[in-house]
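Examining the three-dimensional arrangement
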Amino acid sequence: MSDPSEPRSPHRLRRALLAFVPVVLFLGLLTYGLVRSAPPRLAAGERLPEFSLETLDGSGTVTNDDIAGHPTVINFWASWCIPCKQEARLLEKTYEAYKDDGVVFLGVNIKDAAPDAQAFADKYGITYLLVRDPEEDLASALGVTGIPETFFIDDSGAFVTTAAGDPRGERGGLVTLGPVSEADLTTNIDILVRRAD
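None of the values given here were measured: they were computed from a predicted structure.

Structural notes on the sheet that holds strand 6 (residues 146-147)
With mixed pairing, three strands are arranged side by side in an open sheet as 6-10-9. In this open sheet, the two edge strands, each paired with only one partner strand, are strand 6 and strand 9 (167-171). In terms of strand pairing, strand 9 meets strand 10 (residues 174-177) through four bridges, oriented antiparallel. Bridging from a neighbouring strand, E170 pairs with V175 of strand 10.

Here it is, written out as structure tokens:
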């Protein structure tokens, strides 16, 4: 039996270091890749980028002009996303509560098949504007990092903030986030409404 007070063999130490170095390199490369590939996030006060997206039902397009002058809630979602299902009824209920205040809700479907997205909208009775962003142009321009993620834009078209839950997993290179809380949703909408007054 070896004496624990004896110095370790240089060979054992070298083997331990050689095993540890690839792990550190892998973690470093992974972190670098995640940081590099993260889309740029809009800063508070920046203007909503120009966009033109087809409606989910294919009946037309929605552009910046359609929401100009209105406080706007933009929610990115997909039909397969469990937290999106958990927040769907809350978003619809909140839209109904604020639409008479001129607040526009825009649901942006990404990483999804159109029939699945339409079935989701029908199941949850969503009546606010729904569009598809198949190339993820708007998602990239806003700096979407996961779904569901909700962006708040004031009536002048300036970005105010985002709201989302904690990370829950990953699918197809996109982080799944927890659903937005009712408190976060209504507090941020109240800010938008006050700014518009």
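That covers the picture; the talk isn't over yet.
Some thoughts on the pattern of salt bridges
Two side chains that carry opposite charge are able to pair once their charged atoms sit near each other. Taken as a whole, this structure holds four salt bridges when the rule is applied. The closest approach of N and O atoms between K111 and E136, which form a salt bridge, is 3.2 Å. Within this pair, whereas K111 is found in the loop between strand 4 (104-109) and helix 4 (114-123), its partner E136 is found in the loop between strand 5 (129-132) and helix 5 (137-142), the two being separated by 25 residues in sequence.

Concerning the packing of aromatic side chains
Describing an aromatic ring pair means giving the distance of the ring centres and the angle of the ring planes. Scanning the entire structure with this criterion turns up seven aromatic pairs. Consider the rings of F76 and F151, whose centres lie 5.6 Å apart with planes at 75°: the pair is edge-to-face. Remark: F151 occurs in strand 7 (residues 149-153) and F76 occurs in strand 3 (residues 72-77); sequence separation between them is 75 residues. The pair F76 / F151 is uniform in exposure class, with both members buried. Both rings, one in F105 and one in Y128, keep their centres 5.5 Å apart while their planes meet at 50°; by these two values the pair is tilted. With F105 in strand 4 and Y128 in the loop between helix 4 and strand 5, this pair connects stretches of sequence that are 23 residues apart. The buried category is assigned to Y128, whose relative accessible area is 6%. Here the aromatic cluster, defined as three or more aromatic residues joined through ring pairs, consists of F76, F151 and F159.

The rules we used
Residues numbered from 1 in each chain as written. Predicted model: local features only at pLDDT ≥ 70, side-chain atom pairs only at ≥ 80, totals over all residues. Heavy atoms only, no water. Pairing = 2+ DSSP bridges. Helix = DSSP H or I, 4+ residues; strand = E, 2+ residues; numbered from the N terminus. Salt bridge = Lys/Arg side-chain N within 4 Å of Asp/Glu carboxyl O. Phe/Tyr/Trp six-rings, centres within 6.5 Å; stacked < 30°, edge-to-face > 60°. Buried < 20%, exposed > 50% of the residue type's maximum accessible area, 1.4 Å probe, protein only.

What is shown is where atoms sit, not what they do.
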